[in-house]
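Chains, contacts and geometry: an overview
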Amino acid sequence: MPHPTTVVFDLGAVLIDWDPRYAYRDLGGTEAEIEHFLAHVATSDWNRQFDAGRPFADGIAERKARFPEHADWLDAWWSHWPDMLGGPIHGTADSLRELRDAGTPLYAITDWSAETFPIARERFDFLNWFEGIVVSGQKGVTKPDPAIYRHLTADFGVDPATAVFIDDKPANVAGAEALGFTGLHFTGPEALRADLIRLGLLPG
């Protein structure tokens, strides 16, 4: 089996802390109000539609028609989206820097809206360290659909046989492994660093 030489990162919850609760706390919501809103109105399945390319204006209008009592908070899903971004996940960012300094080819596949990804790119300098980033909202397909991994191989010439893929969702890792990537399920920066050392990508 070829030695892995390339590393492919997921971004959200691996390198970047994103949580809509940050914005709604700033807007004065109680924890109970926020949790109800996220469980029943602004659900994860609804948000994934933006990752797959649905325009924010369209998705928010649809939800406001169903939940007019939450109109202000639904509008805030767009207007306060930058406040949902926390900082970098520092331990992972440290490993990313080490990989970059060692000359390791770096790529990313992220489930992220095409409309909001430029906000993240402006805020996090380390996004410029990647030789290529596949953004689901630009491609109209999300992980773990095989097509999104094939965009990486086709657009940037990445060979799955020599590439490690890191993601916090086991299904996304399995999707990459099915196409020949070495998969790493991200559970925290320390465990990831140990995995990268084990694979010979970072010094022990």
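Check the entry above for the structure.
Given the structure is predicted, the values throughout are model-derived calculations rather than measurements.

Quick word on the pattern of salt bridges
- Scanning the entire structure with this criterion turns up 16 salt bridges.
- Among the ionic pairs, Asp19 bridges to Arg21, the shortest N-O distance being 3.0 Å.
- For Asp19, a relative accessible area of 17% translates into the label buried.
- Note that Lys64 is salt-bridged to Asp75, the shortest N-O span being 3.0 Å. With a gap of 11 residues between them, Lys64 in helix H4 (residues 56-66) and Asp75 in helix H5 (residues 71-79) connect regions that are remote in the sequence.
- Take Lys64: its relative accessible area is 28%, and that puts it in the partly exposed class.

Structural notes on the pairing of strand S6 (residues 163-167)
- Most of S6 is tucked away, with 5 of its 5 residues classed as buried.
- Pairing of S6 with strand S7 (residues 182-185), which is carried by 4 bridges, proceeds in the parallel orientation. Within S7, the residue paired with Asp167 across the bridge is His185.
- On the question of chirality, the crossover connecting S6 to the parallel S7 by way of helix H10 (residues 170-177) is right-handed.

Focus on the nonpolar core
- One finds Phe9, Trp77, Leu127 and Phe130 to be the most contacted residues of the largest nonpolar core, which totals 49 residues.
- Sequence-distant contacts of Leu127, defined by excluding residues within four places in its chain, comprise Leu11, Ile16, Phe117, Ala120, Arg121 and Ile133.
- Among the nonpolar cores identified, the runner-up in size contains 13 residues, and Tyr107, Val141, Leu152 and Val158 belong to it.

Points about unusual backbone geometry
- Following Lys143, the chain continues into Pro144 via a peptide bond in cis, with omega recorded as 5°.
- With phi around 70°, Ala13 is a residue other than glycine that occupies positive phi space.
- Following the sequence through the fold, Ala13 ends up in the loop between strand S1 (6-9) and strand S2 (16-18).

Things to note about the sheet that holds strand S5 (residues 132-135)
- Pairing in this open sheet of 5 strands is parallel, and the strands run S5-S4-S1-S6-S7 from one edge to the other. Each end of this open sheet is capped by a strand with a single partner; those strands are S5 and S7. Between one strand axis and the next, the sheet turns through 20° on average, direction left out of account.
- Here S1 runs beside strand S4 (residues 106-110); their pairing, made up of 3 bridges, is parallel. What sits directly across from Val8, in S4, is Tyr107.

Focus on the environment of Trp78
- Here Trp78 shows up in helix H5.
- When its relative accessible area of 38% is taken as the criterion, Trp78 is described as partly exposed.
- In this structure Trp78 touches Phe56, Ile60, Glu115 and Thr116, once residues within four positions along its chain are discounted.

Some details on the side chain of Thr104
- In this fold, Thr104 is placed in the loop between helix H6 (90-101) and S4.
- Taking relative accessible area as the criterion, Thr104 reaches 11% and is therefore assigned buried.
- Dropping the residues within four chain positions of it, Thr104 is found in contact with Thr5, Thr6, Val7, Leu99 and Leu201.

Details of the packing of aromatic side chains
- All chains considered together, the criterion is met by 19 aromatic pairs.
- Consider the rings of Phe50 and Phe56, whose centres lie 4.3 Å apart with planes at 15°: the pair is stacked.
- Its relative accessible area of 1% is what places Phe50 among the buried residues.
- Through successive ring pairs, a cluster of aromatic residues spans Trp18, Tyr24, Phe37, Trp46, Phe50, Phe56, Trp73, Trp77 and Trp78.
- Taking NZ or CZ as reference, Arg100 lies 4.1 Å from the ring centre of Trp129, over its face.

Parameters at a glance
Residues numbered from 1 in each chain as written. Predicted model: local features only at pLDDT ≥ 70, side-chain atom pairs only at ≥ 80, totals over all residues. Heavy atoms only, no water. Salt bridge = Lys/Arg side-chain N within 4 Å of Asp/Glu carboxyl O. Buried < 20%, exposed > 50% of the residue type's maximum accessible area, 1.4 Å probe, protein only. Helix = DSSP H or I, 4+ residues; strand = E, 2+ residues; numbered from the N terminus. Pairing = 2+ DSSP bridges. Right-handed = clockwise from strand over helix to strand, strands pointing away. Core = buried A, V, L, I, M, F, W, Y, C linked by side-chain atoms within 4.5 Å. Contact = heavy atoms within 4.5 Å. Axes fitted to C-alpha atoms, helices over the stretch in contact; angles between N-to-C directions. Phe/Tyr/Trp six-rings, centres within 6.5 Å; stacked < 30°, edge-to-face > 60°. Lys NZ or Arg CZ within 6 Å of the ring centre and 35° of its normal.

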